[in-house]
Amino acid sequence: MMITSFAPIINSETKILILGTIPGITSLAKQEYYGHTRIHFWTILFRLLDTMPIPDAFEEKVKTLQNHKIGLWDVLKNCKRQGSLDIHIKKPVENDFEGLLKQCPSINRIVFNGKESHRYFFKKFGQIQGITYFVMPSTSPANTMPLEKKFEIWAQFLA
């Protein structure tokens, strides 16, 4: 099945861009980033930003990220995939990162939510000058690393 990622969530003040690979089935159905209830993404970010509790409304989550100069996007624009696992991706097409970085030159950190997003990005774009990169453990429930360990590692990109 062909799937397409969402538009980037950025603004003129975005400094940190968090990149997933491409949304899973639940996120696509809800039309929001990290929409599956078992994903650790929002728990980790809101704890790191010291902004608990996590709001229910996606718009409020986005507003909190933007207040902290954090944006969201996916490495892949579209692909074929059965299910939600990155290992099932076929025929990937990457998003236009050169265009995005021209549109938002304040971005100076890219945080990869998992090794696959990092792999797809570097395969196509390599190292972009002026950007610091962080590869974090995936916040997906398929990654069985304990939440506390994920949290410790994710804290590095805000240091």
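First, a word on scope: everything that follows refers to the structure included in this document. (Residues numbered from 1 in each chain as written. Predicted model: local features only at pLDDT ≥ 70, side-chain atom pairs only at ≥ 80, totals over all residues. Heavy atoms only, no water.)

1. Topic: the sheet that holds strand β2 (residues 16–20)
No. 1: Pairing in this open sheet of four strands is parallel, and the strands run β3-β2-β6-β7 from one edge to the other. Every interior strand has two partners, whereas the edge strands, β3 (70–74) and β7 (132–136), have only one. Across the sheet, the mean angle from the axis of one strand to that of its neighbour is 20°, orientation sign disregarded.
No. 2: Where strand β6 (residues 109–113) meets β7, five bridges bridge the pair, whose relative direction is parallel. (Pairing = 2+ DSSP bridges. Helix = DSSP H or I, 4+ residues; strand = E, 2+ residues; numbered from the N terminus. Axes fitted to C-alpha atoms, helices over the stretch in contact; angles between N-to-C directions.)

2. Observations concerning helix α6 (residues 147–154)
No. 1: Turning to α6, its buried residues are Lys-150, Phe-151, Ile-153 and Trp-154. Down the axis of α6, the sector holding all buried residues measures 165°, keeping them to one side.
No. 2: Its buried side turned inward, α6 meets β2, α2 (41–48), β6 and β7. (Buried < 20%, exposed > 50% of the residue type's maximum accessible area, 1.4 Å probe, protein only. Arc of directions from axis to C-beta. Contact = heavy atoms within 4.5 Å.)

3. Examining the side chain of Ser-5
No. 1: Note on placement: Ser-5 falls in the loop between β1 (2–4) and β2.
No. 2: Residue class for Ser-5 comes out buried when judged on its relative accessible area of 12%.
No. 3: There is a polar contact of 3.4 Å between the side chain of Ser-5 and the side chain of Asn-95.
No. 4: For Ser-5, the contacting residues outside a window of four places in its chain are Ile-22, Pro-23, Asp-74, Leu-76, Lys-77 and Asn-95. (Polar contact = N/O pair within 3.5 Å; in protein donor to acceptor, adjacent residues only side chain to side chain.)

4. What to know about the packing of α2 against α6
No. 1: For the pair α2 and α6, interaxial distance at closest approach is 10 Å and the crossing angle is 50°. Of the possible angle classes, the one that applies to α2 and α6 is oblique. The handedness of the crossing between α2 and α6 is right-handed. Residues Phe-41, Thr-43, Ile-44, Leu-45, Arg-47 and Leu-48 of α2 touch α6, and the partners they reach there are Leu-147, Glu-148, Lys-150, Phe-151 and Trp-154. (Parallel < 35°, antiparallel > 145°, perpendicular 65-115°, else oblique. Left-handed = near helix turned anticlockwise from the far one by under 90°.)

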